[in-house]
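# Observations on chain architecture
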Amino acid sequence: MGQPYSNIQTIFSRGELSPRMIGRVDNKSYFNAVKYSQNMIPYPQGSITKRPGTYYVKPVKTSANTTILIPFRFSTVQNYMLEFGNLYFRVYRNRGNVESSPGVPYEVTTPWPSSVLKELYYVQSADTLYVFHPDYQPQVITRTSDTSWTITALTFIDGPWLPTNASAVTIAASATTGVITLTASAATFASTDVGRQVRLGTNRGYATITAYTDTTHVTATVGDAALSGTAATAVWRFSYFGGTVYKWPSKATIYEERMILANTRLYPSTIFASVTGDFTRFSPTEASGNVVDDDGFVVTIGDDQVNSINWLSSGRQLMIGTAAAAHSMSGGTGSSYAPLTPSNVTIKREATYGARENIRSIRVGSSVFYLSYSGLKLRNLYYDFSQDNYASEDSTIFNSHITYGGIVDMDFQSEPDPTIWTVRADGQLIGFTYDKANEIQGWHRHILGGTSAAVKAVACIPRPDKSGDDVWLIVQRTINGAVVQYVEYIKEYFDEAAGQKTAFYVDCGLTYDGYRAGTITAAATTGTGITFTASSAIFTAGDVGNQIRAGTGRGLITAYTDSTHVVVTITAAFASTSAVATGSWSVATNDVTGLSHLEAETVSVWADGAVQPSQVVVSGAINLTSFVSYVSVGCPYRNYMILLPIEAPQLGTIQGRVRGVSRIHVYLTSTMTMEYGCLTPDNSDTDIIPTLHLDVSMFDTAPGLINGIQTLDVPTGYGQDCNLYLGQNAPTPMTVNYVVQEISVNG
């Protein structure tokens, strides 16, 4: 007879641990984590829930090309997702595609081919989005309405400037305003200088080169301030930006009312600060030639290596991530945080962990998260008051396997739970739930349902109802033999108060909602050819063959009159001829159409709060065995977790000892189905027992959800490494609050 022991796990917020942590029963993370999880999200409060499904929005313009997502957050009620593809962007708002006319997506032409999209960097100020790439002149995208967007080249005013000429070469101007000719006393110009600026003298006079004649002559256009004269002068300087050699800045942020730019092809570790309050002007002096505190300036990181600046992040200090280190930049020294000025700039190396290029950093509270140079570690840069210094912690130290292959994209969802969503190179979606104040940091993996589904991009914007943030995805799928890319978003967590029918646990899915806005009135409670009248325009010709439901009343729509009237054959008497309020009646259907995006896929069906048999989409539709008022259809996906081997400190240790799980007690919330059983160490020999309401065909109506303790016998589960499996493969909700395992320990 073995020694009995009961083990309870109430916290899963540490997420999935690395295989390197197996046996680390001396580490407190071991008792708050799982061995493996798929399509499950740990709540900060400790419980763990099934990931909601993804809702289908629209295919990208060209599935064969690279496509990315860029969020545009204007206000709490005006937020957009922008789909950038080959030489265009499209606009999404309120979880749908913005159209210029019915069926025609609104689209704006851009200069960026798909081959460079993953190298774009952006910063937003109010309704203006600044987009940067080292080989393209920066662009300014502005919005005035859903269907009114503009994109124009960003014109830099008065700089930023290279050091003043130190040679004897002079440049003379043919005039002080307008289109002029610049003449150099020796070979100075090159054809690659077209687009660059030249500043003459000590005032703000400058001109932009528009045409090349030869090494001593160019045509130029004078800027916003006239040149001080036409006489030849040796006091001149070229701009850092423009042309086909010097090119353009590739990184940007806004800090202390300055536009901060960085990293050109020739000056990868140099920072360019605009004039305070003017994001496009980089004047290093006043018109008088004097330098004041709000003038622009240029500074290069002084380090023992020249490393490209890969990200910028604004906070109390400006944080800078290079290929080899993390730096801070401020206008003070020590604990002082004075404003930046041309004469007061301090740059300090704070950590010697480099950053991956082309992946933006994410600021979460006072922390800056960034990917390591390899793309395998997510580092947390924060100020450690106990050490009076910055620290750069590896947030994957206990989860090193989770980023296998490298991270290629990421964004931050601030609510309902703070989560950094990342995309792995192989298309897995990896989440990192983080709440520093409550010591929450848990990793979780998500493998989307459907044939060859792989996530390609992720971005977040606030939901239309402001209840949290939507996580938007570009997902590559194989549909009916063709490789496609779809825009999708993850639905919000299921709230039982909203009704069981609203649970959404299918991927790339759609919902038919037959509960229409407006009242409905029947001309009679029984009979054929009965007219039903709606209070608003809610009927269509496609409703013929559908069923009107109100209470126990049922009626088949046989004819469409207009948008407020249909003719019905009543099959079950209605209660009265009084108007039925919104939400108390519906138009039920047994044919779900509009599924061409899932042609030939086997889909799961969640109808009126219950599971119906799986179907194959044919000609963009499925046929149900009964009428339903509310149905969600999409690709199935399995969710499950495997618990870590139990440790019993009260027994010394039971690692390596034979133990068996005889019974479990699982507290479930809002759950309809679950499978459970024990796995061998390689997870291949399983004894998974379907339980609870898995077979819903036995119910005349939708079974209720479980909220409470389920006590379940486990007929197998002996060994030195017995791991409990909990999961499901049905389009139903599932949340585990705690698990108690009754075990018997031998040896």
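Residues numbered from 1 in each chain as written. Predicted model: local features only at pLDDT ≥ 70, side-chain atom pairs only at ≥ 80, totals over all residues. Heavy atoms only, no water.

On to the overall build of the chain. Of the regular secondary structure elements, the chain holds zero helices and 60 strands. Along the first, second and third principal axes, the C-alpha atoms of the chain reach 95 × 80 × 45 Å. Counting over 747 residues, the chain shows a buried share of 55%. Taking the intrachain contacts of the chain between residues at least 6 apart in sequence as the baseline, contacts between residues at least 24 apart amount to 61%. Entry remark: accessible area of the chain is about 29,000 Å², with carbon and sulfur atoms responsible for 50%. (Helix = DSSP H or I, 4+ residues; strand = E, 2+ residues; numbered from the N terminus. Buried < 20%, exposed > 50% of the residue type's maximum accessible area, 1.4 Å probe, protein only. Contact = heavy atoms within 4.5 Å. Areas by Shrake-Rupley, 256 points an atom, 1.4 Å probe, with all protein chains shown as cover.)

Before going further, it helps to spend a moment on the sheet that holds strand β23 (residues 251-255). Pairing in this open sheet of four strands is antiparallel, and the strands run β23-β24-β25-β26 from one edge to the other. Each having just a single partner strand, β23 and β26 (297-300) make up the two edges of the open sheet. In this sheet, adjacent strand axes meet at a mean angle of 20° when their direction is disregarded. When β23 meets strand β24 (residues 258-262), the two strands line up antiparallel, connected through five bridges. Across the sheet, the residue bridging to tyrosine 255 is arginine 258, located in β24. (Pairing = 2+ DSSP bridges. Axes fitted to C-alpha atoms, helices over the stretch in contact; angles between N-to-C directions.)

With that settled, the discussion passes to the packing of aromatic side chains. Here a ring pair, both rings aromatic, is described through the centre-centre distance and the interplanar angle of the planes. In this structure the tally under the stated criterion is 36 aromatic pairs. Ring plane angle 80° and centroid distance 6.5 Å describe the contact between phenylalanine 241 and phenylalanine 282, whose orientation is recorded as edge-to-face. Taken together, the residues span a long stretch of sequence, with phenylalanine 241 in the loop between β22 (236-238) and β23 and phenylalanine 282 in the loop between β25 (270-273) and β26 at a distance of 41 residues. We note that phenylalanine 241, like phenylalanine 282, is buried. A centroid spacing of 5.6 Å and a plane angle of 35° characterise the contact between tyrosine 667 and tyrosine 738, whose relative ring orientation is tilted. Taken together, the residues span a long stretch of sequence, with tyrosine 667 in strand β54 (residues 659-671) and tyrosine 738 in strand β60 (residues 735-745) at a distance of 71 residues. The partly exposed category is assigned to tyrosine 667, whose relative accessible area is 29%. Ring pairs connect the aromatic residues Phe156, Tyr240, Phe241, Tyr246, Trp248, Tyr267, Phe272 and Phe282, which therefore count as one cluster. Residue placement shows arginine 51 over the ring face of tyrosine 637; its charged tip is 4.3 Å from the ring centre. If you follow arginine 360 out to its NZ or CZ, it ends over the ring of tyrosine 122, 3.9 Å from the centre. (Phe/Tyr/Trp six-rings, centres within 6.5 Å; stacked < 30°, edge-to-face > 60°. Lys NZ or Arg CZ within 6 Å of the ring centre and 35° of its normal.)

We now examine the side chain of glutamate 599. Looking at the element boundaries, glutamate 599 is found in the loop between β48 (585-592) and β49 (602-607). Polar side-chain contacts of glutamate 599 include one of 2.7 Å to the backbone nitrogen of glycine 620. Glutamate 599 has contacts with Ile479, Asn480, Val617, Val618, Ser619 and Gly620, leaving out every residue within four places of it along the chain. (Polar contact = N/O pair within 3.5 Å; in protein donor to acceptor, adjacent residues only side chain to side chain.)

Turning to the sheet that holds strand β30 (residues 346-351), a few remarks are in order. The sheet built from four strands is open, its strands ordered β27-β28-β29-β30 with antiparallel pairing. With partners counted over all chains shown, the strands left at the sheet margins are β27 (309-314) and β30, one partner each. The average angle at which neighbouring strand axes cross in this sheet is 25°, direction not considered. Of the pairings in the sheet, the one linking strand β29 (residues 326-330) to β30 comprises five bridges and is antiparallel in character. Looking at the pairing, serine 330 lines up with threonine 346 of β30.

Tracing the backbone through its elements, the reader meets threonine 66 in the loop between β5 (54-59) and β6 (68-73). The class for threonine 66 is partly exposed, based on a relative accessible area of 32%. Once the C-alpha coordinates of threonine 66 and threonine 569 are considered, the two residues, 503 residues apart in sequence, prove to be 52 Å apart. Leaving out residues up to four positions away in the same chain, threonine 66 has contacts with Phe84, Gly85, Ser114, Leu117 and Lys118.

Counting buried positions along strand β39 (residues 454-462) gives seven out of nine residues, so the element sits mostly inside the fold. The turn joining β39 and strand β40 (residues 469-479), which pair antiparallel and follow one another in sequence, is formed by six residues; a positive phi near 65° is taken by lysine 466.

The biggest cluster of nonpolar side chains holds 51 residues, and the ones touching the most others in it are Trp472, Phe532, Phe539, Ile548, Ile622, Val631 and Val633. It is strand β41 (residues 482-490) that provides the largest number of residues to this core, a total of four residues. Excluding residues within four positions of it along the chain, valine 633 makes contact with Val506, Gly509, Leu510, Val592, Leu595, Val603, Ser604, Val605 and Ile622. Judged by nonpolar contacts, the second largest core, of 33 residues, contains Phe238, Trp248, Ala252 and Phe279. (Core = buried A, V, L, I, M, F, W, Y, C linked by side-chain atoms within 4.5 Å.)

Following the criterion strictly, the structure yields 28 salt bridges and no others. Note that aspartate 224 and arginine 281 form a salt bridge whose closest N and O atoms lie 2.3 Å from each other. In this pair, aspartate 224 is assigned in the loop between β21 (217-222) and β22 and arginine 281 in the loop between β25 and β26, connecting sequence segments 57 residues apart. Among the charged side chains, a network of salt bridges with common partners joins Arg95, Arg463, Asp470, Lys491 and Glu492. (Salt bridge = Lys/Arg side-chain N within 4 Å of Asp/Glu carboxyl O.)

This part is about unusual backbone geometry. Along the chain, glycine 159 connects to proline 160 via a cis peptide bond; the corresponding omega equals 0°. With respect to the element layout, proline 160 can be found in the loop between β16 (148-153) and β17 (171-173). At the junction of glutamate 415 and proline 416, the peptide bond is cis and its omega measures out at 10° in the coordinates. At glutamate 257, a residue that is not glycine, the phi angle is positive and equals roughly 65°. Inspection of the secondary structure assignment puts glutamate 257 in the loop between β23 and β24. The exposure class assigned to glutamate 257 is exposed, which follows from its relative accessible area of 54%.

Our next topic: the side chain of arginine 196. Tracing the sequence through the fold places arginine 196 in the loop between β18 (179-184) and β19 (197-200). Here serine 239 takes part through its backbone oxygen, which lies 2.8 Å from a polar atom of the side chain of arginine 196.

Within the fold, valine 364 resides in strand β31 (residues 362-364). With 55 residues separating them along the chain, valine 364 and threonine 419 place their C-alpha atoms 9.3 Å apart. Setting aside its immediate chain neighbours within four residues, valine 364 contacts Phe369, Phe412, Ile420 and Tyr434.

What follows covers the confidence of the model for the chain. With 95% of its residues at a pLDDT of 70 or more, the chain shows a mean pLDDT of 93. Per-residue pLDDT stays below 50 along residues 693-700; that stretch engages in eleven contacts with residues further than four places along the chain or on separate chains. (pLDDT = per-residue confidence, 0-100.)

A separate point is the state of the cysteines. Overall, the coordinates contain zero disulfides when judged by the stated rule. Cysteine cysteine 508 remains unbridged, with the sulfur of cysteine 635 as its closest cysteine sulfur at 5.5 Å. (Disulfide = S-S within 2.5 Å.)

Attention now moves to the environment of tyrosine 637. Inspection of the secondary structure puts tyrosine 637 in the loop between β52 (630-635) and β53 (639-642). Taking the C-alpha atoms as reference points, tyrosine 637 and arginine 51, separated by 586 residues in sequence, lie 9.9 Å from one another. Setting aside its immediate chain neighbours within four residues, tyrosine 637 contacts Asn39, Lys50, Arg51, Pro52, Gly53, Ile447, Gly449, Tyr505, Val506, Asp507 and Asn729. From its side chain, tyrosine 637 meets the backbone oxygen of arginine 51 in a polar contact 2.4 Å long. At 3.3 Å, the side chain of tyrosine 637 and the backbone nitrogen of glycine 53 are in polar contact.

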